[in-house]
Amino acid sequence: MTAPGTVRPAGRPAEHVTAPAPTLRRVLRHAAFEARIMLSNGEQLMVAIILPVLVLLGLRLLPVGGIAGVAPIDSAVAATAGTALISTSFTSQAIQTGFDRRGGVLRWIATTPLGRDGYLAGKIIATLGLHVLQVLVLGGIALALGWRPAVLGLLAAVPVWLLGTVAFGALGLLVAGTLRTEAVLALSNILFMLFVAVGGIALPPTSYPRILRGLVDLLPSGALGELLRASLAGTAFSWGSVVVLLLWAVGGSFAVSRWFRWTSV
Amino acid sequence: MTAPSPVPSSAYRAETPALEITGLVKNYGTVRAADGISLTARRGEVTALLGPNGAGKTTTISCATGLLRPDAGTVRVLGEDPWRASAAHRAHVGVMIQDGGLASGARAMDLLRYGASLHVDPLDVDELAAHLGIDAFARTLVRRLSGGQRQRLGLALALVGRPELVFLDEPTAGMDAAISRTVRHLIRSLARTGTAVVLTTHLMDDVEGVADQVVVIARGSVVASGSPEEVIASHHEADGTVHLSATAAGVDPAVAVTLGTELRAAARRRGVDLHVTTGAADLESVLLDLTQERR
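Residues numbered from 1 in each chain as written. Chains lettered and ligands numbered in written order. Predicted model: local features only at pLDDT ≥ 70, side-chain atom pairs only at ≥ 80, totals over all residues.

Trainee: How would you explain the overall build of chain A if you had to name every residue and give the values?
Mentor: In terms of regular secondary structure, chain A is built from 10 helices and 0 strands. Seen through its principal axes, chain A has C-alpha atoms that stretch 75 × 40 × 30 Å. In chain A, once contacts between residues fewer than 6 apart in sequence are set aside, the share between residues at least 24 apart is 79%. (Helix = DSSP H or I, 4+ residues; strand = E, 2+ residues; numbered from the N terminus. Contact = placed C-beta atoms within 7 Å.)

Trainee: An account of the packing of helix α5 (residues 125-132) of chain B against helix α6 (residues 147-159) of chain B is needed here, citing residue identities and associated values.
Mentor: Residue and element names in this part refer to chain B. Here α5 crosses α6 at 145°, and the two axes come no closer than 10 Å. Between α5 and α6 the crossing geometry is right-handed. Contact residues: α5 offers L128, A129 and L132, while α6 offers R152, L155, A156 and L159. Counted by class, the contact of α5 with α6 contains 6 nonpolar, no polar and 1 charged residues. (Axes fitted to C-alpha atoms, helices over the stretch in contact; angles between N-to-C directions. Left-handed = near helix turned anticlockwise from the far one by under 90°. Nonpolar A, V, L, I, M, F, W, Y, C, P; charged D, E, K, R; others polar.)

Trainee: Just give me the short version of the interface of chain A and chain B, but keep the residues and values in it.
Mentor: Between chain A and chain B, the residue contacts involve 39 residues of the former and 49 residues of the latter. The dominant element in the side of chain A that touches chain B, judged by the number of residues it contributes, is helix α1 (residues 23-39) of chain A, at 7 residues. Looking at the side of chain A that touches chain B residue by residue, the classes come out as 19 nonpolar, 13 polar and 7 charged.

Trainee: How would you explain the packing of helix α3 (residues 72-102) of chain A against helix α9 (residues 220-232) of chain A if you had to name every residue and give the values?
Mentor: Relative placement of two packed helices is described by the angle separating their axes and the distance separating the axes. Residue and element names in this part refer to chain A. Interaxial distance between α3 and α9 falls to 9 Å at its minimum, and their mutual angle equals 140°. As judged from the angle between their axes, α3 and α9 are oblique. The handedness of the crossing between α3 and α9 is right-handed. Contacts between α3 and α9 pair D74, S75, V77, A78, A81, G82, L85 and I86 from the former with S221, L224, G225, L228, R229 and L232 from the latter. Residues of the contact of α3 with α9, tallied by class, amount to 8 nonpolar, 4 polar and 2 charged. (Parallel < 35°, antiparallel > 145°, perpendicular 65-115°, else oblique.)

Trainee: So, the sheet that holds strand β1 (residues 19-28) of chain B: which residues are in play, and what are the values?
Mentor: All names here are of chain B. Read from one edge to the other, the open sheet built from 3 strands follows the order β2-β1-β4, with strand pairing classed as antiparallel. Here the strands that pair on one side only, and so sit at the sheet edges, are β2 (31-41) and β4 (72-77). Between one strand axis and the next, the sheet turns by 25° as a mean value, whatever way the strands run. The pairing of β1 with β4 spans 5 bridges and is classified as antiparallel. Bridge assignment links V25 to a residue of β4, and that residue is A72. Taken strand by strand, helix α2 (residues 57-64) contacts β1, β2 and β4, and its axis lies near 115° from that of β1. (Pairing = 2+ DSSP bridges.)

Trainee: Describe in detail the UniProt feature "transmembrane region" (unreviewed entry) in chain A, supporting the description with residues and values.
Mentor: All names here are of chain A. The sites that UniProt annotates as "transmembrane region" (unreviewed entry) are residues 45-70, 76-99, 120-145, 151-176, 183-203 and 236-256. In residues 151-176, helix accounts for 100% and strand for 0%; the two terminal C-alpha atoms are 37 Å from one another. Overall, residues 183-203 shows 76% helix and 0% strand. The separation of its end C-alpha atoms is 27 Å. (UniProt positions renumbered as here; feature names shortened; annotations may be inferred.)

Trainee: How would you sum up the pairing of strand β9 (residues 221-226) of chain B? Please name residues and give values.
Mentor: Residue and element names in this part refer to chain B. As paired strands, strand β8 (residues 213-218) and β9 are joined by 5 bridges and run antiparallel to one another. Among the inter-strand pairings, V215 is bridged to a residue of β9, identified as S225. In this antiparallel pair of consecutive strands, β8 and β9, the connection spans 2 residues, and R219 shows a positive phi of 50°.

Trainee: Before we move on, can you summarise the sheet that holds β8 of chain B with the specific residues and values?
Mentor: Residue and element names in this part refer to chain B. Read across the open sheet, the 6 strands follow the order β5-β6-β7-β3-β8-β9; overall the sheet is mixed. Two strands in the sheet have a free side with no partner beyond their single neighbour: β5 (93-96) and β9. Recorded for the sheet is a direction-independent mean angle of 15° between the axes of neighbouring strands. Relative to strand β7 (residues 196-201), strand β3 (residues 46-50) runs parallel, the two sharing 5 bridges. Paired with V46 across the two strands is V197, which belongs to β7. Running over the sheet, α2 touches β3, β6 (165-169), β7 and β8 and is turned about 150° from β6. Here α6 sits on the sheet and contacts β5 and β6; the angle it forms with β5, its principal contact strand, is near 170°.

Trainee: Before we move on, could you go through the pairing of β2 of chain B and cite the residues and values that matter?
Mentor: Residue and element names in this part refer to chain B. In terms of strand pairing, β1 meets β2 through 8 bridges, oriented antiparallel. In the strand pairing of β2, N27 is matched with R32. Taking the residues that link successive antiparallel strands as the turn, the β1-β2 hairpin has 2 residues, and the phi of G29 there is positive, at about 65°.

Trainee: Tell me what's going on with helix α7 (residues 177-192) of chain B, and back it up with residues and numbers.
Mentor: Every α-helix winds through 3.6 residues per turn, so residues three or four apart in the chain are directed the same way. Residue and element names in this part refer to chain B. In this model α7 runs 23 Å from its N-terminal to its C-terminal C-alpha over 16 residues, within 8% of the 22 Å that 1.5 Å per residue would give. Buried within α7 we find T182, V183, R184, L186, I187, L190 and A191. Structurally, α7 contributes buried residues whose contacts are with β3, α6, β6 and β7. (Expected span 1.5 Å × (residues − 1). Buried ≥ 20, exposed ≤ 12 C-beta atoms within 10 Å, placed from the backbone.)

Below, the structure written as structure tokens:
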């Protein structure tokens with residue numbers, strides 16, 4: 001530490017300017033900052049990469065989750081894609097945002113030139129960046145396991161992926177912005193397990209008892225699972241699933257704008 | 001890319017108080033945290049908001065930094081409503097919030113560099129880090145920092161954008177004596193260069209020799225304001241007692257007793273019962289007295 005008075009931190013000589021960095025630069029810097037924190041956090045990496053890899057290997061190697069007329073690797077990839085999307089967009093976002101909220105990070109961010117809108121924009125970009133990393137890692141493993149995707153199917157999966165990211169990202173922010181941190185941690189992990197295991201991701205709704213199928217079809221995970229299987233595994237496409245996922249995306253976004261609290265008091 | 005908005009003109013800056021709060025009211029449910037608070041903070045001065053926990057200091061700062069919307073009253077920061085502040089406006093205001101606000105998963109220096117990157121012409125982060133001793137824990141994760149280290153990092157983040165107005169909520173809480181002294185020097189140097197500093201504290205060391213203006217807040221209201229000397233001099237205790245302060249150096253104790261006797265006699269001739277003691281009422285005792293009588 002230098003002696004007091006040896007620098008003038010507040011000095012604003014004429015050649016210095018007090019102004020915010022350009023908007024895009026602020027948002028991209030925040031996205032890079034968020035992504036770096038996510039990638040350096042072991043628990044986040046576990047949820048974002050390791051768990052989807054385990055789902056991929058499990059569904060590929062174990063006799064579960066199969067769909068008649070569909071190659072096991074294709075149904076396994078669709079389930080893995082859904083798992084990866086929910087883990088990053090929902091669980092990771094909920095936990096990280098919840099802890100940021102409790103620690104006052106969101107309050108401090110709101111007073112900086114980045115602001116609340118820049119924070120959310122940066123977070124979305126960071127999440128999409130992590131998705132790209134997930135696609136590269138999981139896609140590489142799937143290719144090694146014998147996955148041979150159709151180009152049209154991959155293209156069809158892109159809008160599904162984006163819509164799912166909005167829907168689950170909104171739900172993650174809603175949980176993070178309305179509940180206590182302890183509840184955020186518990187609920188986001190429990191919901192993740194339920195979405196994947198019994199919510200139509202790992203297993204198609206046709207695997208469930210008839211009485212539960214209608215309920216699973218109405219869940220965001222059920223709709224996402226159906227659309228990913230349609231695009232990546234060639235099963236029947238359902239406009240009903242598009243409507244359901246769209247409603248969750250719109251409803252979730254509205255709920256976030258209405259009820260998200262930036263402080264935990 | 002969007003170009004940053006122009007900064008306010010120097011003439012505009014000179015004429016407008018850095019912070020002007022009038023009749024601020026803020027309720028949390030049925031609890032009234034701010035009950036008609038009015039205060040002004042000027043450029044080149046350190047304004048200290050004093051008061052016990054729950055007095056309304058942080059609520060006032062939160063309204064001034066745009067984190068809370070007042071229920072009534074007006075708040076103007078550098079001439080603008082902070083609730084509707086633009087990015088350009090926020091670049092002129094540095095904020096150190098009370099409970100850190102630091103991303104726990106980041107390393108100290110990475111966080112400071114990130115904060116600097118939000119501004120077009122920030123301070124030299126290495127120089128700032130060296131000045132506040134942050135370089136000693138540059139690679140440490142924020143969640144592993146001590147309270148004092150977090151405070152220093154929060155202070156650096158508040159200053160890195162060369163703000164015109166700085167809000168510091170309990171700036172020396174958790175710091176050891178040497179670091180606290182450095183921070184107080186820094187706060188004075190900020191004011192000397194024309195920055196308006198608004199700090200909240202319950203530590204008298206943060207006020208004496210640092211603050212140009214003191215605003216004492218209790219139960220959501222301003223109960224005294226002015227320079228520290230003015231607040232002490234104008235203070236009447238609840239029973240009407242006034243403290244007269246006199247300092248004499250090199251006086252023999254026996255002479256002091258005689259002086260006391262003569263003072264009492266002079267006061268009695270004016271119909272005043274004067275209580276003479278050694279020492280004087282200091283700011284801390286005034287603060288305690290003011291805030292306790294409101295409880």
